[in-house]
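# Per-entry structural report
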Amino acid sequence: MGISQIIFFISISLIYRLVFRNKGLQWFVLLISLVTIFWLQPISTIRNLDFWLPVLGLSFGIISWIIITKKVKHYSKQNLFTFITVISFMLILGASRFIPVIVLYKFVTIPGFFNILLFFLLLSFVILTIRLFENKKYIHWGMVGIISIIFIIQKNDSLSYEISLFLRQINSQFSNLASSDEIIWIGYSYIAFRVIHALIESRKRNGLEISLRSYLCYLFYFPAFLAGPIDKIDHFNAEISSNKNTLPLNILKAGELIAVGLFQKFIVADTFAVVSITETLSGTITSKFWMWVVVIVYTFRIYFDFNGYSNIALGISEIIGIQLPVNFNKPLISPTLSIFWNNWHITLTQWFRAYFFNPITRFFRTRFKSLNSQFILAFMQISTMVLIGLWHGISYNFIIWGAWIGVGLFLQNRMTGFVTKKTSSGNPLWKKSPIYKTISTILTILYVSLGWVWFALPDVNASMQVFNVLFGM
Amino acid sequence: MENNNAKLTISVKRIFIKTIIILAIVNFGWIYITKLPIGDLSFYNILFKGRDRLPFGENPSKSYNLSLYDLDAMFASHEIDKKHSDADELHVVLIGDSSIWGFLQEPDNTLSGLLNKRFLDDDKKIIFHNLGYPSISILKDLVLIEKALEYEIDLFLWFITLEALPISEQSEIPIIKNNPVDVNSIIEDYELSTEKIEERVFDKTFWKQRRNISDLVDLQLFGILWDATGIDQEYPESYNPAQRDFTEPIEQYHSIKSDDKLEDFLALEIIKNGIERNKGNNFILINEPILISQGINSSFQYNYYYPRWAYDQYRLIMNKFTQENKILYYDLWNLIPEDEFTNSAIHLTENAENVLAEEIAFVVEDYIGRIEKNDKE
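Residues numbered from 1 in each chain as written. Chains lettered and ligands numbered in written order. Predicted model: local features only at pLDDT ≥ 70, side-chain atom pairs only at ≥ 80, totals over all residues. Heavy atoms only, no water.

### Quick look at the overall build of chain B
Heads up, the rule is: Helix and strand assignments come from DSSP, with helices taken as H or I runs of at least 4 residues and strands as E runs of at least 2, each series counted from the N terminus. Accessible area is worked out with a 1.4 Å probe on protein chains only. A residue is then buried under 20% of its type maximum, exposed over 50%, and partly exposed in between. The criterion used for residue contact is that any of the two residues' heavy atoms lie within 4.5 Å. Surface accessibility in these figures is a Shrake-Rupley result with a 1.4 Å probe; residues are shielded only by whichever protein chains are displayed. Only four residue types enter the charge count, namely Lys and Arg as positive and Asp and Glu as negative; His and the chain termini do not. Positions of charges follow a simple convention, taking NZ of Lys, CZ of Arg, CG of Asp or CD of Glu.
When helices and strands are tallied, chain B shows twelve helices and seven strands. With the C-alpha coordinates of chain B rotated into their principal frame, the extents come out at 90 × 50 × 45 Å. Here chain B, with 377 residues, has 51% of them falling under the buried criterion. Considering only contacts within chain B whose residues lie at least 6 apart along the sequence, 80% involve residues at least 24 apart. When the accessible surface of chain B is summed, it comes to about 18900 Å², and 51% of that surface belongs to carbon and sulfur atoms. When the 37 positive and 64 negative side-chain charges of chain B are each reduced to one mean point, those points stand 7 Å apart.

This is the structure:
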């Protein structure tokens, strides 16, 4: 998100809040979110892909809503009206190719109107089929599967390349220009997490009660569209459905969050970015001292960058009176690795804990009772972190990064247990004095920083080159 | 809650007003801050080594360098700003354009780098400082000379070429336009007829200066990368070679026609007054080598810059001008063969830099010899 987009979101939210005083909040959020998903999707070199990807995202939204809501009347007046609005928005966008003056026309390349109509016929067919299906368990997991497959394609360069090639062929475009970089679906990662969360919660509770409008707002909520946080569906629904009269409080808090966020992102992070480890630097720095500097600076850069965006998102959301969960809670002053990960990208970590770590650990403990609990813990911590690594991209470096953190978490957990047993107070060592705490915090930062060497660089060789310089190997 | 909200409504207004006032104070207060030499605040030569050449970079992410126009900051980042303890050292400054700065050459292979290598084991302890800058203007050269005079310099080697001399082009480069105070003071002190640069107070506000402030910070950050990698410019794997063939002869040179009196269009007074005003300092003027093309239409055109009639006239003018003004002058225009130029008619290959360095070494040795002889007599 660039500064101009941020200013637009702040301005439009302020105008809405001050003029409309939160009347029609859901409609406002839905409309701006609809604009956002088309606006932020980069223009694609594959014909009309920048139109179809957001449309596909919206279709996933509608389909998954039908799946997750059992107790809701799908054909209620409000839901039908939302459905018609969303479809009309897309159709108007489609029709705008005939009226070149429409601003939206410049955001996306619009396909032929007939193609759009054909797509909606197909969508209607899918919706009707799903409604006819009685055993929705398979549909639930089927939907999770489809979303995961798209996720994998998006994160894997060779699969993305194949899709690019395929799309170019069906569009009669030059195949030799196919590239994995062409398959960029902006915001998909977060949409996927929210849809999967809704699907799993719906399975657990035998259906959720949420209107189509609220649900689409939840999935595509414009302040959190690009960089999260990943809110929980119940919390978001409660927030967007409540009518709070807390305008001054919201504006004050929002102002603080946005100011801090802008400072963190555009001043601190962008400044640190100049001297952070990159692929080019990994091959050109020969001094041990400066290599340590650029590696450690990367930790601060990534934190201020990500936390800056999160604060901006929280701030914009605060303007319209919706409180999003905090995503970072001073992780850089964590005395242990586990505290660090409890405070770093909190909503993502919670998501993986809820839908991977906890259920799979429970599964192992109940089904394989003979397995050593320490082994289960080590396996689960490493596999959870590897999975989080793979979420960033499917490559060896992200796998190693995940394993690095997972191993660190396990070792720190064991060491804390060992040391705690030895101390008379039963407290971990870092709780005993500020000196221990400071040393522990520095060690945590160093371990995390070394982990980023895998994360920041594209391949194992480049990372090894950095380690060679760092440790004079 | 209602009461709290009512109070907070007032607070929001007050915060808004206070914000506007603070922003206005910071914005316009910055006008006074710009008068302070904040560019002098530098970690170069303290935390990381000084740069071998003035900061310049069109692609900072690859060159670990950037173009900025704060002269104090530029000099503070240069190795010339380093404290030199040895009183016996002889400091020679090279002034000129991108060819002296060393386009496409690593710091050690620039003219100054090679000269430093050449005199490394010499008893005379001669240290060469590269103050070339990739802009062609004689006025820019004088601005840098004036700034260099703050240091103890024994000799200036001033490399010139015709392209740096047209009066109409003197103020058309960013480093001149962005330093109105320094440039205007030089125009006044040296009694130059060059038109002064417009100074606008609004340009000194925080809002207008935000890019410059950011550049100052970036210059310090790039210092880390400069020290860590030794890289200070982008070295592309390939480049477009300098033009050797010409479609048609150029009738005019910077709107000067062949039957015009070229001398009237050249800012020779900048050289004359520049050297005259600094009589206590030693200057050697050198006409730098240019590409002499053998390609199509080269009978009319030496290279991309120069029609033959203009350059030939320029050489005659310079010979006469330097003799009349008793300026030590070397004309090295044809020293380098055609195929030893890189992407421009003045940018040299590493081989050519070596050839030029040898020639300049003789010039310097000859000059020192003369000085020593004079001292003995």
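That was the structure; now back to the text.
### Re the sheet that holds strand 1 (residues 90–96) of chain B
Residue and element names in this part refer to chain B. What counts, and what does not: If DSSP finds at least two bridges between two strands, the strands pair. To get an axis, a line is fitted to the C-alpha atoms, and for a helix only the part in contact is used. The angle between two axes follows their N-to-C directions and goes from 0 to 180 degrees.
Here we have five strands laid out as an open sheet, ordered 2-1-3-6-7, and parallel in their pairing. Unpaired on one side and paired on the other, strand 2 (126–132) and strand 7 (329–331) mark the two borders of the sheet. This sheet shows a mean twist of 20 degrees between the axes of neighbouring strands, independent of strand direction. Two strands pair when backbone bridges link them, and strand 6 (residues 283–287) and strand 7 are joined in this way by three bridges, in the parallel orientation. Its bridge partner being in strand 7, Leu285 is matched across the sheet by Tyr329. Along the sheet, helix 5 (residues 111–118) makes contact with strand 1, strand 2 and strand 3 (155–160), crossing strand 2 at roughly 180 degrees.

### Focus on the domain arrangement of chain A
Residue and element names in this part refer to chain A. Threshold: For each domain, the first and last residues come from an automatic or database assignment. Once two parts are brought into contact, the accessible area they lose, counted with a 1.4 Å probe and summed over both, makes up the buried area. Should a side-chain nitrogen of Lys or Arg be within 4 Å of a carboxyl oxygen of Asp or Glu, the pair is scored as a salt bridge. Polar contact is the term for a pair of N or O atoms within 3.5 Å; when the atoms are in protein, one must be able to donate a hydrogen and the other to accept it, and sequence-neighboring residues count only if both atoms are side-chain atoms. Three categories are distinguished: nonpolar for Ala, Val, Leu, Ile, Met, Phe, Trp, Tyr, Cys and Pro, charged for Asp, Glu, Lys and Arg, and polar for the others, with Gly belonging to the last.
Each assigned domain of chain A is listed with its residue range as follows: domain 1 (23–242) and domain 2 (329–470). Taken together, the contact pairs 15 residues of domain 1 with twelve residues of domain 2. At the boundary of domain 1 with domain 2, total buried surface from both sides reaches about 1100 Å², with 65% on carbon and sulfur atoms. If you sort the residues of domain 1 by the area they bury against domain 2, Lys155, Phe193 and Ile230 come out on top, with a joint share of 48%. At the junction of domain 1 with domain 2, the criterion picks out zero salt bridges. Linking domain 1 with domain 2 are six residue pairs in polar contact (both at pLDDT 80 or more). In terms of residue count, helix 8 (residues 188–204) provides more of the side of domain 1 that touches domain 2 than any other element does, eight residues in total. By residue class, the composition of the side of domain 1 that touches domain 2 is eight nonpolar, three polar and four charged.

### A look at the domain arrangement of chain B
Residues and elements named next belong to chain B. Per the domain assignment, the segments making up chain B are domain 1 (1–33) and domain 2 (41–376). Using C-alpha coordinates to define each centre, domain 1 is positioned 49 Å away from domain 2. Contacts between the two partners involve five residues from domain 1, matched on the other side by seven residues from domain 2. Both sides together, the interface formed by domain 1 and domain 2 hides about 560 Å², and carbon and sulfur atoms give 76% of it. Three residues, Asn27, Trp30 and Ile31, lead the burial of domain 1 against domain 2; their summed loss comes to 84% of the area buried on that side. Scanning the region where domain 1 abuts domain 2 turns up two residue pairs in polar contact (both at pLDDT 80 or more). Taken together, the residues that form the side of domain 1 that touches domain 2 break down as four nonpolar, one polar and no charged.

### Describing the side chain of Asn65 of chain B
Its location among the elements puts Asn65 of chain B in the loop between helix 2 (60–63) and helix 3 (71–76). Engagement of the side chain of Asn65 of chain B in a polar contact is seen with the backbone oxygen of Asp232 of chain B, the distance being 2.8 Å.

### Digging into the nonpolar core
For soluble globular proteins, nonpolar side chains are generally found buried alongside one another. Here is the rule we go by: Residues enter a nonpolar core if they are buried and are Ala, Val, Leu, Ile, Met, Phe, Trp, Tyr or Cys, with the set joined through side-chain atoms within 4.5 Å.
In this structure, Tyr215 of chain A together with Leu157, Trp158, Ile271, Met318 and Ile360 of chain B are the most contacted members of the largest nonpolar core, which totals 253 residues. The leading source of residues in this core is helix 13 (residues 288–319) of chain A, at 16 residues. Not counting the four nearest positions on each side in its chain, Leu157 of chain B is found in contact with Val92, Val93, Leu94, Ile95, Phe128, Ile284, Ile286, Ile360 and Val364 of chain B.

### A few points about a nonpolar patch on the surface
Put simply, the rule is: Patch construction takes residues with relative accessible area above 30% that form no salt bridge. Like charges are linked within 9 Å, and nonpolar side chains (Val, Leu, Ile, Met, Phe, Trp, Tyr) are linked within 5 Å.
Residues Phe363, Phe368, Leu371, Phe375 and Phe379 of chain A make up a contiguous nonpolar surface patch of about 460 Å² in total accessible area. Within the secondary structure, Leu371 of chain A sits in the loop between helix 15 (346–367) and helix 16 (373–392).

### Observations concerning the packing of aromatic side chains
Short version of the rule: Working definition: a ring pair exists when centres of Phe, Tyr or Trp rings (six-membered ring for Trp) sit within 6.5 Å. Plane angles under 30 degrees give stacked, over 60 give edge-to-face, the rest tilted. Counted as over-ring charges are cases with an Arg CZ or a Lys NZ within 6 Å of the ring centre that also lie within 35 degrees of the ring normal.
Summed over the entire model, instances satisfying the criterion amount to 73 aromatic pairs over all chains. Relative to Phe364 of chain A, the ring of Phe363 of chain A has its centre 5.8 Å away and its plane inclined at 65 degrees; by these criteria the two rings are edge-to-face. Under the relative-accessibility criterion, Phe363 of chain A is labelled partly exposed at 37%. On the accessibility criterion, Phe364 of chain A (18% relative accessible area) is buried. Consider the rings of Tyr305 of chain B and Tyr306 of chain B, whose centres lie 5.7 Å apart with planes at 45 degrees: the pair is tilted. For the pair formed by Tyr305 of chain B and Tyr306 of chain B, the shared burial category is buried. The positively charged end of Arg53 of chain B is found above the aromatic ring belonging to Trp101 of chain B, 4.5 Å away from the centroid. One Lys or Arg, Arg118 of chain B, reaches over the ring of Phe119 of chain B and ends 5.2 Å from the middle of that ring.

### Points about the packing of helix 5 of chain B against helix 12 (residues 350–376) of chain B
Residue and element names in this part refer to chain B. Test applied: Any angle between 65 and 115 degrees counts as roughly perpendicular, while under 35 counts as roughly parallel, over 145 as roughly antiparallel, and the rest as oblique. In this scheme the crossing of two helices becomes right-handed for a clockwise turn of the near helix relative to the far one and left-handed for an anticlockwise turn of less than a right angle.
Following both chains from N to C, one finds helix 5 and helix 12 inclined at 60 degrees, their axes separated by 9 Å at the closest point. With respect to helix 12, the axis of helix 5 lies oblique. At the point where helix 5 passes helix 12, the crossing takes the right-handed sense. Of the residues in helix 12, those in contact with Leu111, Leu114, Leu115 and Arg118 of helix 5 are Glu353, Asn354, Leu356, Ala357, Glu358, Ile360, Ala361, Phe362 and Glu365.

### Overview of helix 16 of chain A
Residue and element names in this part refer to chain A. Using the following cut-off: Take the number of residues in a helix, subtract one, and multiply by 1.5 Å to get its expected span.
With 20 residues, helix 16 extends 29 Å from end C-alpha to end C-alpha; this agrees with the ideal 28 Å at 1.5 Å per step. Three or more residues of helix 16 are buried, namely Ile376, Leu377, Ala378, Met380, Gln381, Ser383, Thr384, Met385, Val386, Ile388, Gly389 and Trp391. You can read the cap of helix 16 off the contacts: a side-chain oxygen lies 2.6 Å from the backbone nitrogen of Gln374, and it is on Asn372.

### A closer look at the side chain of Asn109 of chain B
All names here are of chain B. Checked against the element boundaries, Asn109 lands in the loop between helix 4 (98–101) and helix 5. Relative accessible area serves as the criterion here: at 13%, Asn109 is assigned to the buried category. The contacts of Asn109, once residues within four sequence positions are left out, are Leu114, Lys117, Glu350 and Glu353.

### Comments concerning the pairing of strand 6 of chain B
Residue and element names in this part refer to chain B. Going by this rule: Note on handedness: a crossover is taken as right-handed if, strands pointing away from the viewer, the path from the first strand over the helix to the second is clockwise.
Summarising burial for strand 6: five of the five residues are buried, a large majority. By the alternation rule, side chains of strand 6 split into Phe283, Leu285 and Asn287 and Ile284 and Ile286, which are all buried. With five bridges joining them, strand 3 and strand 6 adopt parallel strand pairing. Bridge pairing links Phe159 to Ile286 in strand 6. With helix 11 (residues 308–324) bridging strand 6 and the parallel strand 7, this β-α-β connection has right-handed handedness.

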